[in-house]
Amino acid sequence: MTVRFSSMSAIEILDSRSRPTLRVQGTLPDGRTVRAGVPSGASTGAREAVELRDHDVSRYSGQGVQQAVAHVNGPIAEALTGRSFSSLDQVDDTLRALDGTANKSRLGANAIVGASIAAAQAFALEAEQSLWRWLTPDGVIPRLPVPHFNVVNGGMHAANELDFQEFMIAPIGAPSLPEAIRAGVEVYQRLRALLAERGFETGLGDEGGFAPEIARPEDVLALLVQAIEDAGYTTGRDGVAIALDPASSEFHRDGRYLVGGESLSSEDMIDRYAEMIDKFPVWSIEDGLGETDTAGWQKLTQTLGERVQLVGDDNFVTNPGLIAEAVAAGIGNAALIKVNQVGTVSETLEALRVCRESRYAAMISHRSGETDDTFIADLAVGSGCGQLKSGAPARGERVAKYNRLLEIAASGPAHPFGLAD
Ligand code: PGA
Ligand code: ZN
């Protein structure tokens, strides 16, 4: 089976934060089309593949992506059309060679990832398979993931005083995907009422979670527990658990962590997390320490790695080589997976393979700037990793992913649901 594009092109569209991004469209010889909307992060890791912005301050405050669009319409289209590709690896190798840099900064990871996602879809079409099925590696059982709903937003994703970026509810104990979605919504609605009753604002952050003026992470955790219980669910892994993404690189300065007005060492942070785990049903902590705090991460993993999932995001940046190094160094026990962080679908699949072989868990993730593209829902199912974070169960670009999961769940065959074994 081969893929041949008769054309490939891009236009500048808007993401959910009203910043320009790309939509890439490919056409197959029989006229069928595939498209990809490119996401964009705000709290990015230093070693992420580089998103190309125009830096022309007269347009969109310099955030335009006309150069990246021109790279798709020019060199990328030229390299990908009019020839047959026998694998996605071959497409992605072509894109990488054309770019020629280690971090995809010449053509732009935003241009490259759009072309790569469109190519993956083209392969699925030619194989007459659902995208999730085509993305399932040999020997992996597709699985409907536990949705991780980001219901309280802070950090770079909201203008409030909360330093921790994400407070997620994870209905791990739900009997099925639809019931997990329902639990997420019912807790989210209950949380809105609770915040209003207590006089907090119920405005939303970038990922659709509430953004109340609360400084102490523990105060948010207490509210979440209340909302889960009020909605009629048990807290913890048998019911609805909590996952955190403090995104602590963002408040890590000169070796100290600045949280809620306090200045903490790595050890203080680890103690603080240990207390949170004792007191609240926290099951997963992402970027608990900063991306440069290697010794801190090792200590964190030794201290808490048996009790909770410790997810590397800013430090791993979906890079298979960096994940393998982290495994060898005893850092974390899970990786966050974002396609645009590494820049191609095949490198993303390789990162997932490294996780499986190292017995690291993996969580597929959206970005804070999103479009209506639902590729990551299919990737979450096909990878069998059992976890997806796509923001709150609110706002079109977030619910698009959850709705795609519901569609896959309803389409049969019956997939297992829940965390991977
Ligand atoms: P970003 O944040 O998409 O703004 O980079 C998401 C995350 O830190 O997981
Ligand atoms: Zn993160």
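The name an unreviewed UniProt entry assigns to the chain is Enolase, from the organism Mycolicibacterium hodleri. Under the heading Catalytic activity (unreviewed entry), UniProt records this for the chain: "(2R)-2-phosphoglycerate = phosphoenolpyruvate + H2O". In the Function (unreviewed entry) part of its UniProt record, the chain is described as follows: "Catalyzes the reversible conversion of 2-phosphoglycerate (2-PG) into phosphoenolpyruvate (PEP). It is essential for the degradation of carbohydrates via glycolysis."

Attention now goes to the domain arrangement of the chain. Taken domain by domain, the chain holds domain 1 (3-128) and domain 2 (146-410). The gap between the C-alpha centroids of domain 1 and domain 2 is 27 Å. Contacts between the two partners involve 34 residues from domain 1, matched on the other side by 31 residues from domain 2. Interface of domain 1 and domain 2: buried area, both sides summed, is about 2500 Å²; carbon and sulfur atoms make up 49% of it. When the buried area of domain 1 at its contact with domain 2 is split by residue, Ser 16, Ser 43 and Arg 47 rank highest and sum to 23% of it. The tally of links from domain 1 across to domain 2 stands at four salt bridges. Taking the shortest distance from any N to any O, the salt bridge between Glu 347 and Lys 104 comes out at 3.0 Å. Counting only elements with at least two residues in the side of domain 1 that touches domain 2, the list comes to β2 (7-14), β3 (20-27), β4 (33-37), α2 (88-99) and α3 (109-126). In terms of residues, the side of domain 1 that touches domain 2 owes the most to one element, α3, which gives seven residues.

Quick look at the sheet that holds β3 now. If you walk across this open sheet you meet the three strands as β2-β3-β4, and the pairing is antiparallel. Of all strands in the sheet, those with a lone pairing partner are β2 and β4, marking the two edges. Taking the axes of each pair of neighbouring strands and ignoring which way they run, one obtains an average angle of 20° across the sheet. In this sheet, β4 lies alongside β3 in antiparallel orientation, the contact comprising five bridges. Along β4, the bridge assignment pairs Gln 25 with Arg 35. Strand contacts of helix α1 (residues 66-80): β2 and β3, with the helix running at about 165° to β2, the strand carrying the most contacts. Against the sheet, α3 touches β2, β3 and β4, its axis set at about 145° to β4.

Now for the packing of aromatic side chains. One pass over the full model with this rule turns up eight aromatic pairs. Ring centres of Phe 164 and Phe 251 lie 5.9 Å apart, and the angle between their planes is 10°; this geometry places the pair in the stacked category. Residue Phe 164 is found in the loop between β6 (146-153) and β7 (166-170), and its partner Phe 251 is found in the loop between β8 (241-245) and β9 (252-253); the two are separated by 87 residues along the sequence. Neither residue differs from the other here; Phe 164 and Phe 251 are each classed as buried. Relative to Phe 210, the ring of Tyr 188 has its centre 4.6 Å away and its plane inclined at 15°; by these criteria the two rings are stacked. Placement of Tyr 188 in helix α5 (residues 177-197) and of Phe 210 in the loop between α5 and α6 (217-230) is noted, with a sequence separation of 22 residues between them. A relative accessible area of 0% places Phe 210 in the buried class.

The rules behind the values
Residues numbered from 1 in each chain as written. Chains lettered and ligands numbered in written order. Predicted model: local features only at pLDDT ≥ 70, side-chain atom pairs only at ≥ 80, totals over all residues. Heavy atoms only, no water. UniProt positions renumbered as here; feature names shortened; annotations may be inferred. Domains from an automatic or database assignment. Contact = heavy atoms within 4.5 Å. Buried area = accessible area lost by both parts, 1.4 Å probe. Salt bridge = Lys/Arg side-chain N within 4 Å of Asp/Glu carboxyl O. Helix = DSSP H or I, 4+ residues; strand = E, 2+ residues; numbered from the N terminus. Pairing = 2+ DSSP bridges. Axes fitted to C-alpha atoms, helices over the stretch in contact; angles between N-to-C directions. Phe/Tyr/Trp six-rings, centres within 6.5 Å; stacked < 30°, edge-to-face > 60°. Buried < 20%, exposed > 50% of the residue type's maximum accessible area, 1.4 Å probe, protein only.

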